[in-house]
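The primary structure of each chain is shown beneath.
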Amino acid sequence: MNQKAVVVVQSEFTQALSQLIECYSGSPPLVCQPDEAKQTVEDGDGVLATTIGFGDETFRGSLLMLASKKTTISLSQSNVTSVTDWFGELANQLAGRLKNKLATYGVLPQLGLPVTLECSEISVRSQNDDTRLWQIESNEGRLVVLLRLEVPDDLEWKRADETVTAEEGSLSLF
Amino acid sequence: MSATVLIVDDSETVRQQVGAALSQAGMQILEARDGNEGQKMIESRQIDCVVCDVNMPNKDGIEMVRDVKKNAKYRDLPIIMLTTEGAKELIEKAKSAGACGWVVKPFKANLLVSAVQKLAAR
(Lines give C-alpha, C1' and ligand atoms only; values in the text may rest on other atoms or scores of the structure.)
Protein backbone atom coordinates (compact mmCIF):
# COMPACT_ATOMS: atom_id res chain seq x y z
CA MET A 1 0.00 0.00 0.00
CA ASN A 2 1.27 3.44 -0.99
CA GLN A 3 1.08 5.24 2.37
CA LYS A 4 1.98 8.65 0.95
CA ALA A 5 -0.87 8.62 -1.57
CA VAL A 6 -3.26 7.14 1.00
CA VAL A 7 -2.48 10.01 3.39
CA VAL A 8 -3.20 12.51 0.59
CA VAL A 9 -6.58 10.93 -0.21
CA GLN A 10 -7.56 10.58 3.44
CA SER A 11 -6.68 14.18 4.20
CA GLU A 12 -8.63 15.48 1.19
CA PHE A 13 -11.49 13.15 2.05
CA THR A 14 -11.72 14.51 5.60
CA GLN A 15 -12.05 18.03 4.21
CA ALA A 16 -14.60 16.97 1.60
CA LEU A 17 -16.68 15.21 4.26
CA SER A 18 -16.59 18.13 6.68
CA GLN A 19 -17.45 20.70 3.98
CA LEU A 20 -20.33 18.64 2.61
CA ILE A 21 -21.99 18.08 5.98
CA GLU A 22 -21.48 21.72 6.92
CA CYS A 23 -23.18 22.72 3.69
CA TYR A 24 -26.35 20.82 4.68
CA SER A 25 -26.30 21.19 8.47
CA GLY A 26 -25.37 24.87 8.53
CA SER A 27 -22.46 24.57 10.96
CA PRO A 28 -19.11 22.74 10.95
CA PRO A 29 -19.51 19.14 12.14
CA LEU A 30 -17.14 17.36 14.47
CA VAL A 31 -15.18 14.96 12.28
CA CYS A 32 -12.93 12.36 13.87
CA GLN A 33 -11.29 9.06 13.10
CA PRO A 34 -12.39 6.93 16.06
CA ASP A 35 -9.98 4.64 17.91
CA GLU A 36 -12.47 1.81 17.95
CA ALA A 37 -12.49 -0.12 14.71
CA LYS A 38 -16.20 -0.97 14.80
CA GLN A 39 -18.79 1.78 14.35
CA THR A 40 -22.52 1.98 13.93
CA VAL A 41 -25.46 4.36 13.98
CA GLU A 42 -28.74 3.60 15.68
CA ASP A 43 -32.36 4.53 15.08
CA GLY A 44 -35.50 2.58 15.75
CA ASP A 45 -36.92 3.75 12.40
CA GLY A 46 -34.05 2.26 10.41
CA VAL A 47 -30.58 2.95 9.14
CA LEU A 48 -29.40 3.74 5.63
CA ALA A 49 -26.18 2.50 4.05
CA THR A 50 -24.95 3.81 0.74
CA THR A 51 -21.85 2.92 -1.21
CA ILE A 52 -20.12 4.31 -4.28
CA GLY A 53 -16.95 3.23 -6.08
CA PHE A 54 -14.40 5.33 -7.93
CA GLY A 55 -11.09 4.88 -9.69
CA ASP A 56 -8.98 5.20 -12.80
CA GLU A 57 -6.31 3.06 -14.43
CA THR A 58 -3.89 3.76 -11.54
CA PHE A 59 -5.93 3.34 -8.37
CA ARG A 60 -9.39 2.57 -7.05
CA GLY A 61 -11.47 3.00 -3.95
CA SER A 62 -14.93 3.00 -2.47
CA LEU A 63 -16.81 4.76 0.25
CA LEU A 64 -19.59 3.52 2.49
CA MET A 65 -21.74 5.92 4.47
CA LEU A 66 -24.18 5.12 7.29
CA ALA A 67 -26.78 7.35 8.89
CA SER A 68 -30.13 6.98 10.55
CA LYS A 69 -33.21 7.86 8.51
CA LYS A 70 -33.89 10.69 10.92
CA THR A 71 -30.42 12.20 10.36
CA THR A 72 -30.72 11.78 6.60
CA ILE A 73 -34.09 13.53 6.49
CA SER A 74 -32.80 16.38 8.67
CA LEU A 75 -29.81 16.87 6.36
CA SER A 76 -32.03 17.13 3.29
CA GLN A 77 -33.44 20.52 4.34
CA SER A 78 -36.52 19.80 2.20
CA ASN A 79 -39.39 17.35 1.91
CA VAL A 80 -37.75 14.51 0.04
CA THR A 81 -40.06 11.77 -1.19
CA SER A 82 -37.33 9.13 -1.34
CA VAL A 83 -34.94 9.16 1.59
CA THR A 84 -32.82 6.37 0.05
CA ASP A 85 -32.44 8.36 -3.19
CA TRP A 86 -31.41 11.44 -1.23
CA PHE A 87 -28.83 9.50 0.81
CA GLY A 88 -27.36 8.11 -2.43
CA GLU A 89 -27.18 11.65 -3.79
CA LEU A 90 -25.33 12.73 -0.65
CA ALA A 91 -22.74 9.96 -1.23
CA ASN A 92 -22.54 11.07 -4.87
CA GLN A 93 -21.83 14.63 -3.77
CA LEU A 94 -19.16 13.39 -1.33
CA ALA A 95 -17.46 11.33 -4.04
CA GLY A 96 -17.71 14.31 -6.42
CA ARG A 97 -16.04 16.59 -3.87
CA LEU A 98 -13.24 14.06 -3.37
CA LYS A 99 -12.82 13.82 -7.14
CA ASN A 100 -12.58 17.62 -7.40
CA LYS A 101 -9.90 17.67 -4.72
CA LEU A 102 -7.93 14.86 -6.38
CA ALA A 103 -8.06 16.76 -9.68
CA THR A 104 -5.53 19.19 -8.16
CA TYR A 105 -3.10 16.24 -8.13
CA GLY A 106 -3.81 15.48 -11.79
CA VAL A 107 -6.02 12.51 -10.84
CA LEU A 108 -9.46 12.26 -12.44
CA PRO A 109 -11.20 9.06 -11.29
CA GLN A 110 -14.47 7.87 -12.77
CA LEU A 111 -17.33 7.75 -10.27
CA GLY A 112 -19.72 4.84 -10.01
CA LEU A 113 -23.41 5.20 -9.29
CA PRO A 114 -24.49 5.08 -5.64
CA VAL A 115 -26.23 1.99 -4.26
CA THR A 116 -28.33 2.51 -1.14
CA LEU A 117 -29.81 -0.03 1.26
CA GLU A 118 -32.27 0.39 4.08
CA CYS A 119 -31.28 -1.72 7.11
CA SER A 120 -32.70 -2.45 10.53
CA GLU A 121 -29.17 -2.37 11.96
CA ILE A 122 -25.68 -2.34 10.49
CA SER A 123 -22.12 -1.77 11.69
CA VAL A 124 -18.86 -1.32 9.80
CA ARG A 125 -15.38 -2.40 10.79
CA SER A 126 -11.98 -1.12 9.73
CA GLN A 127 -9.77 -4.20 9.58
CA ASN A 128 -6.83 -3.28 7.34
CA ASP A 129 -4.47 -0.41 6.61
CA ASP A 130 -6.32 0.26 3.37
CA THR A 131 -9.59 1.00 5.20
CA ARG A 132 -10.33 3.97 7.43
CA LEU A 133 -13.39 5.05 9.39
CA TRP A 134 -14.71 8.52 10.09
CA GLN A 135 -17.34 9.51 12.62
CA ILE A 136 -19.19 12.76 12.03
CA GLU A 137 -21.27 14.46 14.70
CA SER A 138 -23.46 17.15 13.19
CA ASN A 139 -26.47 19.15 14.39
CA GLU A 140 -28.60 16.62 12.50
CA GLY A 141 -27.05 13.52 14.06
CA ARG A 142 -24.23 11.04 13.53
CA LEU A 143 -22.84 9.70 10.29
CA VAL A 144 -20.24 6.96 9.93
CA VAL A 145 -18.16 6.79 6.78
CA LEU A 146 -15.71 4.13 5.68
CA LEU A 147 -13.17 4.71 2.91
CA ARG A 148 -11.27 1.88 1.26
CA LEU A 149 -8.36 2.50 -1.10
CA GLU A 150 -6.17 0.39 -3.36
CA VAL A 151 -3.18 2.48 -4.37
CA PRO A 152 -0.09 0.88 -5.95
CA ASP A 153 3.32 1.55 -4.33
CA ASP A 154 4.84 3.24 -7.36
CA LEU A 155 2.10 5.89 -7.75
CA GLU A 156 3.23 9.49 -7.16
CA TRP A 157 0.84 12.43 -6.84
CA LYS A 158 1.95 16.05 -6.84
CA ARG A 159 -0.32 19.00 -6.21
CA ALA A 160 -0.65 21.34 -9.20
CA ASP A 161 -0.19 25.07 -8.72
CA GLU A 162 -3.02 26.14 -10.99
CA THR A 163 -6.73 25.81 -10.22
CA VAL A 164 -8.14 22.87 -12.11
CA THR A 165 -11.65 22.68 -10.68
CA ALA A 166 -14.74 24.84 -10.47
CA GLU A 167 -15.95 25.64 -6.96
CA GLU A 168 -18.92 23.91 -5.33
CA GLY A 169 -22.06 25.97 -5.85
CA SER A 170 -20.51 27.89 -8.73
CA LEU A 171 -22.29 28.52 -12.02
CA SER A 172 -20.54 29.38 -15.26
CA LEU A 173 -22.08 30.03 -18.65
CA PHE A 174 -20.00 29.47 -21.80
CA MET B 1 -45.89 32.14 -22.21
CA SER B 2 -43.77 30.33 -19.59
CA ALA B 3 -40.61 28.47 -20.55
CA THR B 4 -40.54 24.68 -20.53
CA VAL B 5 -37.47 23.23 -18.85
CA LEU B 6 -36.39 19.59 -18.99
CA ILE B 7 -34.52 18.26 -15.93
CA VAL B 8 -32.43 15.16 -16.64
CA ASP B 9 -31.08 13.47 -13.50
CA ASP B 10 -31.12 9.91 -12.16
CA SER B 11 -31.79 11.24 -8.67
CA GLU B 12 -35.46 11.82 -7.95
CA THR B 13 -34.46 14.16 -5.11
CA VAL B 14 -32.38 16.40 -7.40
CA ARG B 15 -35.19 16.47 -9.99
CA GLN B 16 -37.59 17.57 -7.24
CA GLN B 17 -35.24 20.21 -5.82
CA VAL B 18 -34.44 21.72 -9.23
CA GLY B 19 -38.06 21.41 -10.33
CA ALA B 20 -39.30 23.19 -7.20
CA ALA B 21 -36.90 26.10 -7.73
CA LEU B 22 -37.76 26.53 -11.41
CA SER B 23 -41.52 26.03 -11.09
CA GLN B 24 -41.63 28.66 -8.33
CA ALA B 25 -40.23 31.02 -10.95
CA GLY B 26 -43.17 30.13 -13.21
CA MET B 27 -41.50 27.60 -15.49
CA GLN B 28 -43.09 24.39 -16.77
CA ILE B 29 -41.10 21.30 -15.78
CA LEU B 30 -40.48 18.01 -17.57
CA GLU B 31 -38.34 15.23 -16.10
CA ALA B 32 -36.15 12.41 -17.44
CA ARG B 33 -34.08 9.85 -15.52
CA ASP B 34 -31.12 9.38 -17.85
CA GLY B 35 -29.60 10.56 -21.12
CA ASN B 36 -31.67 8.21 -23.25
CA GLU B 37 -34.97 9.39 -21.76
CA GLY B 38 -33.78 12.97 -21.94
CA GLN B 39 -32.90 12.76 -25.60
CA LYS B 40 -36.25 11.15 -26.44
CA MET B 41 -38.05 13.93 -24.63
CA ILE B 42 -36.06 16.64 -26.39
CA GLU B 43 -36.93 15.07 -29.72
CA SER B 44 -40.62 14.78 -28.95
CA ARG B 45 -41.50 17.92 -26.96
CA GLN B 46 -41.10 21.66 -27.27
CA ILE B 47 -38.36 22.46 -24.77
CA ASP B 48 -36.75 25.85 -24.11
CA CYS B 49 -33.89 24.82 -21.82
CA VAL B 50 -32.36 21.63 -20.37
CA VAL B 51 -30.73 21.13 -16.96
CA CYS B 52 -28.74 17.91 -17.12
CA ASP B 53 -26.68 15.76 -14.72
CA VAL B 54 -23.38 14.25 -15.88
CA ASN B 55 -23.08 10.84 -14.19
CA MET B 56 -26.15 8.80 -15.02
CA PRO B 57 -26.87 5.19 -15.99
CA ASN B 58 -27.50 4.10 -19.61
CA LYS B 59 -26.36 7.35 -21.22
CA ASP B 60 -24.42 10.03 -19.34
CA GLY B 61 -25.10 13.75 -19.65
CA ILE B 62 -22.17 14.70 -21.89
CA GLU B 63 -22.97 11.81 -24.25
CA MET B 64 -26.59 13.02 -24.39
CA VAL B 65 -25.52 16.58 -25.20
CA ARG B 66 -23.20 15.31 -27.96
CA ASP B 67 -25.95 13.17 -29.50
CA VAL B 68 -28.63 15.86 -29.26
CA LYS B 69 -26.37 18.51 -30.81
CA LYS B 70 -25.68 16.28 -33.85
CA ASN B 71 -29.14 17.32 -35.00
CA ALA B 72 -29.01 20.90 -36.35
CA LYS B 73 -32.55 21.43 -35.08
CA TYR B 74 -31.23 21.47 -31.48
CA ARG B 75 -28.02 23.39 -32.10
CA ASP B 76 -29.41 26.43 -30.25
CA LEU B 77 -31.13 24.50 -27.45
CA PRO B 78 -29.45 25.66 -24.22
CA ILE B 79 -28.22 22.79 -22.04
CA ILE B 80 -26.75 23.46 -18.58
CA MET B 81 -24.86 20.68 -16.82
CA LEU B 82 -25.66 20.28 -13.09
CA THR B 83 -23.23 17.94 -11.36
CA THR B 84 -21.10 17.22 -8.30
CA GLU B 85 -18.01 17.38 -10.50
CA GLY B 86 -15.92 20.47 -11.13
CA ALA B 87 -12.83 19.28 -12.99
CA LYS B 88 -11.99 21.75 -15.75
CA GLU B 89 -11.07 18.89 -18.08
CA LEU B 90 -14.64 17.61 -17.84
CA ILE B 91 -16.11 21.10 -18.18
CA GLU B 92 -14.15 21.55 -21.43
CA LYS B 93 -15.48 18.20 -22.64
CA ALA B 94 -19.07 19.33 -22.00
CA LYS B 95 -18.42 22.67 -23.69
CA SER B 96 -17.02 20.93 -26.77
CA ALA B 97 -20.08 18.64 -26.84
CA GLY B 98 -22.35 21.71 -26.98
CA ALA B 99 -23.34 22.44 -23.37
CA CYS B 100 -23.69 26.13 -22.55
CA GLY B 101 -23.22 26.14 -18.79
CA TRP B 102 -21.88 24.23 -15.79
CA VAL B 103 -23.23 24.25 -12.22
CA VAL B 104 -21.50 22.43 -9.36
CA LYS B 105 -23.83 20.90 -6.73
CA PRO B 106 -25.04 21.79 -4.22
CA PHE B 107 -26.64 24.44 -6.44
CA LYS B 108 -27.77 27.90 -5.42
CA ALA B 109 -31.42 28.10 -6.50
CA ASN B 110 -31.39 31.84 -7.30
CA LEU B 111 -28.33 31.51 -9.55
CA LEU B 112 -29.75 28.53 -11.40
CA VAL B 113 -33.15 30.17 -11.89
CA SER B 114 -31.68 33.38 -13.30
CA ALA B 115 -29.36 31.45 -15.64
CA VAL B 116 -32.20 29.28 -16.93
CA GLN B 117 -34.47 32.33 -17.40
CA LYS B 118 -31.74 34.10 -19.34
CA LEU B 119 -30.97 31.10 -21.56
CA ALA B 120 -34.60 30.12 -22.19
CA ALA B 121 -35.36 33.68 -23.34
CA ARG B 122 -32.61 33.66 -26.00
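What counts, and at which threshold
Chains are numbered independently. Their residues run from 1 in the order of the written sequence. Chain A is the first chain written and ligand 1 is the first ligand written, with later ones labelled in order. Totals for whole chains, interfaces and linings use all residues, but because this is a predicted model, local features are given only for residues with pLDDT of at least 70 and pairs of side-chain atoms are given and counted only at 80 or more. Note on method: axes are straight lines fitted to C-alpha atoms, helices fitted across the in-contact stretch only, with angles between N-to-C directions ranging 0 to 180 degrees. Numbering of helices and strands runs from the N terminus; a helix is a DSSP stretch of H or I covering at least four residues, while a strand is a stretch of E covering at least two. If an angle is under 35 degrees, it is roughly parallel; if it is over 145, roughly antiparallel; if it lies from 65 to 115, roughly perpendicular; otherwise it is oblique. Residues are treated as contacting if the C-beta atoms built from their backbones sit within 7 Å of each other. Under the grouping applied here, Gly and all other residues not named as nonpolar or charged are polar, the nonpolar ones being Ala, Val, Leu, Ile, Met, Phe, Trp, Tyr, Cys and Pro and the charged ones Asp, Glu, Lys and Arg. Strand pairing follows a simple DSSP-based rule, namely that at least 2 bridges must link the two strands.

(A) Fine view of the packing of helix α3 (residues 83–102) of chain A against helix α1 (residues 12–24) of chain B. Contact pair α3(A) / α1(B): the axes reach a minimum separation of 7 Å and the direction vectors enclose 90°. Between α3(A) and α1(B), the angle falls in the class roughly perpendicular. Of α1(B), the residues touching α3(A) (which contributes A:Asp85, A:Trp86 and A:Glu89) are B:Glu12, B:Thr13 and B:Val14. In terms of residue class, the contact of α3(A) with α1(B) is built from two nonpolar, one polar and three charged.

(B) Molecular detail of the interface of chain B and chain A. Taken together, the contacts link 29 residues of chain B with 30 residues of chain A. Of all elements in the fold, only α1, α4 (88–97), β5 (101–104) and α5 (109–120) of chain B reach the threshold of two or more residues within the side of chain B that touches chain A. A per-class count over the side of chain B that touches chain A returns 13 nonpolar, nine polar and seven charged. Judged from the three bridges that link them, strand β10 (residues 171–173) of chain A and β5(B) form a sheet pairing that is antiparallel. Directly across from A:Leu171, in β5(B), lies its bridge partner B:Val103.

(C) How the structure looks around the packing of helix α2 (residues 69–76) of chain A against α3(A). Residues and elements named next belong to chain A. Relative to each other, α2 and α3 sit at 70°, their axes nearing to 10 Å. Of the possible angle classes, the one that applies to α2 and α3 is roughly perpendicular. Seen from α2, the contacting residues are Lys69, Thr72, Ile73, Leu75 and Ser76; seen from α3, they are Val83, Trp86, Phe87 and Leu90. Considering only residue class, the contact of α2 with α3 consists of six nonpolar, two polar and one charged.

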